Amino acid sequence: MNSLAGKVAVITGGSRGIGRGIAEAFLNEGANVVINGRSPEKGSATLAELNVGERAHFVAGDVKVREDVERIIDEALSRYGRVDILVNNAGGSGGFAPIHEMSEDAWQEANQWILNSCFWATRRALPDMLTRNWGRVINISSVEGAQANKKNVSHYITFKHAMNGFTKAAAFEYGDLGITVNAISPGAVETDLMMEAGPSAAASMGITYEAFKDTYAEESAIKRLNTVEEVAALALFLVSEPAGGMTGAIIPVDGGTSL
C-alpha cells in the first residue's frame, strides 16, 4: 500500500521491543525511519535485520540527555529533510522502592527518561512539522498512567500520568495547525526492557518475575500479556490520514486492564 511513502518517522528507543515493532510497521508502509538507542552495536544489528538500506537510520544516544534527544531529530532532518512523525517510545525507571526509601537519583532518572525526553523530542520536531501544517506525535504511555495499584513504582506511575497530561496539552496547542498528538497506553508487553527491569521490580515487591508477569495477565480481561504487534497496529492507524480527527486521546492497548 505504501500509505506512508514520502513520510519520515523518528522513533526513540526503536532498536527493540515496541519501538522496533512500530518501526517495522512504518517501514512496511513506505516511510523512512530514524530509530534511536543507547547501544551502537544493537543499532547496527537492528539495521541489518531490517534490511531496508537507506530507508532506515540509527542514532546512538541516551534519551535522558537533552542534547542526545535533540541530535536524533537533527540527524533525521539532515538525512531526510523532514520529520513528519515522532514516536516518543523510550521510557522506563529503576531503583524501585517505596516512596519513603526512593532515592533522588531514581526519581530524577524516571523524570528524564519518561517525561523530559518526550518534551525535548517534541519541542525539537514541532518547528519542522509546522512548516507543512501536518504532523503526528505518538507518546507511548502505559496502563500505569491510568491507575496506581502497584507498590514501589511511584516514579514510573507519576511520570506516565504526566506524559498523558503533556499529550493533552500539546494536542490542544497544535490541533488547529494540522498536528495531532495522541498517547498509546499498553498493558504489560514482555520487551527487552521489561526483561531487564522486571526482575528487580518484582523483587522489590517480594515476588518472582514470573509472578510479576502473571499479575498483569490476571488483571486483564484477556488474561494474557499484550503484544508488540497489537501496539504497532494502533500506531500505524494514528499516523494515517483517516486518524486526522483524533487528537488528545489516551488509548489503551491493555487487554481491558484499565476497565
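Before reading on, note that the structure itself is shown above.
Residues numbered from 1 in each chain as written. Predicted model: local features only at pLDDT ≥ 70, side-chain atom pairs only at ≥ 80, totals over all residues. Heavy atoms only, no water.

1. Here's the deal with the pairing of strand 2 (residues 32–37)
Move 1: Among the 6 residues of strand 2, 5 are classified as buried, and the element is accordingly described as predominantly covered.
Move 2: For strand 1 (residues 8–11) and strand 2, the ladder comprises 4 bridges, and the chain directions are parallel. The residue bridging Val8 from the neighbouring strand is Asn32, located in strand 2.
Move 3: Crossover handedness for the path strand 1 to helix 1 (residues 17–28) to strand 2: right-handed. (Buried < 20%, exposed > 50% of the residue type's maximum accessible area, 1.4 Å probe, protein only. Helix = DSSP H or I, 4+ residues; strand = E, 2+ residues; numbered from the N terminus. Pairing = 2+ DSSP bridges. Right-handed = clockwise from strand over helix to strand, strands pointing away.)

2. Some remarks on the packing of aromatic side chains
Move 1: Summed over the entire model, instances satisfying the criterion amount to 4 aromatic pairs.
Move 2: Here Phe212 and Tyr216 contribute two aromatic rings whose centre-to-centre distance is 5.4 Å and whose plane-to-plane angle is 80 degrees, an arrangement assigned as edge-to-face. Residue Phe212 and its partner Tyr216 are located together in helix 7 (residues 209–219), separated by 4 residues, close to a single helical turn. With respect to class, Phe212 is no different from Tyr216; both count as buried.
Move 3: Here the aromatic residues Tyr209, Phe212 and Tyr216 are joined through ring pairs into a cluster of three or more.
Move 4: Just above the ring of Trp134 sits the side chain of Lys7; from NZ or CZ to the centre is 4.6 Å. (Phe/Tyr/Trp six-rings, centres within 6.5 Å; stacked < 30°, edge-to-face > 60°. Lys NZ or Arg CZ within 6 Å of the ring centre and 35° of its normal.)

3. Considerations on helix 5 (residues 154–174)
Residues separated by three or four positions in an α-helix point in the same direction, a consequence of the helix having 3.6 residues per turn.
Move 1: Between its first and last C-alpha, helix 5 extends 30 Å over 21 residues, near the 30 Å set by a 1.5 Å rise per residue.
Move 2: For helix 5, the complete set of buried residues consists of Ser154, His155, Tyr156, Ile157, Phe159, Lys160, Met163, Asn164, Thr167, Ala170, Ala171 and Tyr174.
Move 3: Packing partners of the buried residues in helix 5 comprise strand 4 (85–88), helix 4 (104–132), strand 5 (135–140), strand 6 (179–186) and strand 7 (250–253). (Expected span 1.5 Å × (residues − 1). Contact = heavy atoms within 4.5 Å.)

4. Side note on the pairing of strand 7
Move 1: Residue alternation in strand 7 divides its side chains into a buried set, Ile251 and Val253, and an unburied set, Ile250 and Pro252.
Move 2: Both strand 6 and strand 7 contribute to a ladder of 4 bridges, which runs parallel. Within strand 7, the residue paired with Ala183 across the bridge is Ile250.

5. Comments concerning the pattern of salt bridges
Move 1: Summed over the entire model, instances satisfying the criterion amount to 19 salt bridges.
Move 2: Arg16 serves as the salt-bridge partner of Glu49, at 3.8 Å between the closest nitrogen and oxygen. Placement of the pair is Glu49 in helix 2 (residues 40–50) and Arg16 in the loop between strand 1 and helix 1, with a sequence separation of 33 residues.
Move 3: You can call Glu49 partly exposed: its relative accessible area is 44%.
Move 4: When its relative accessible area of 24% is taken as the criterion, Arg16 is described as partly exposed.
Move 5: As a salt-bridge pair, Glu70 and Arg123 come within 3.8 Å of each other at their nearest N and O atoms. Residue Glu70 is located in helix 3 (residues 66–80), and its partner Arg123 is located in helix 4; the two are separated by 53 residues in the primary sequence. (Salt bridge = Lys/Arg side-chain N within 4 Å of Asp/Glu carboxyl O.)

Interpretation in functional terms is not warranted from these geometric data alone.
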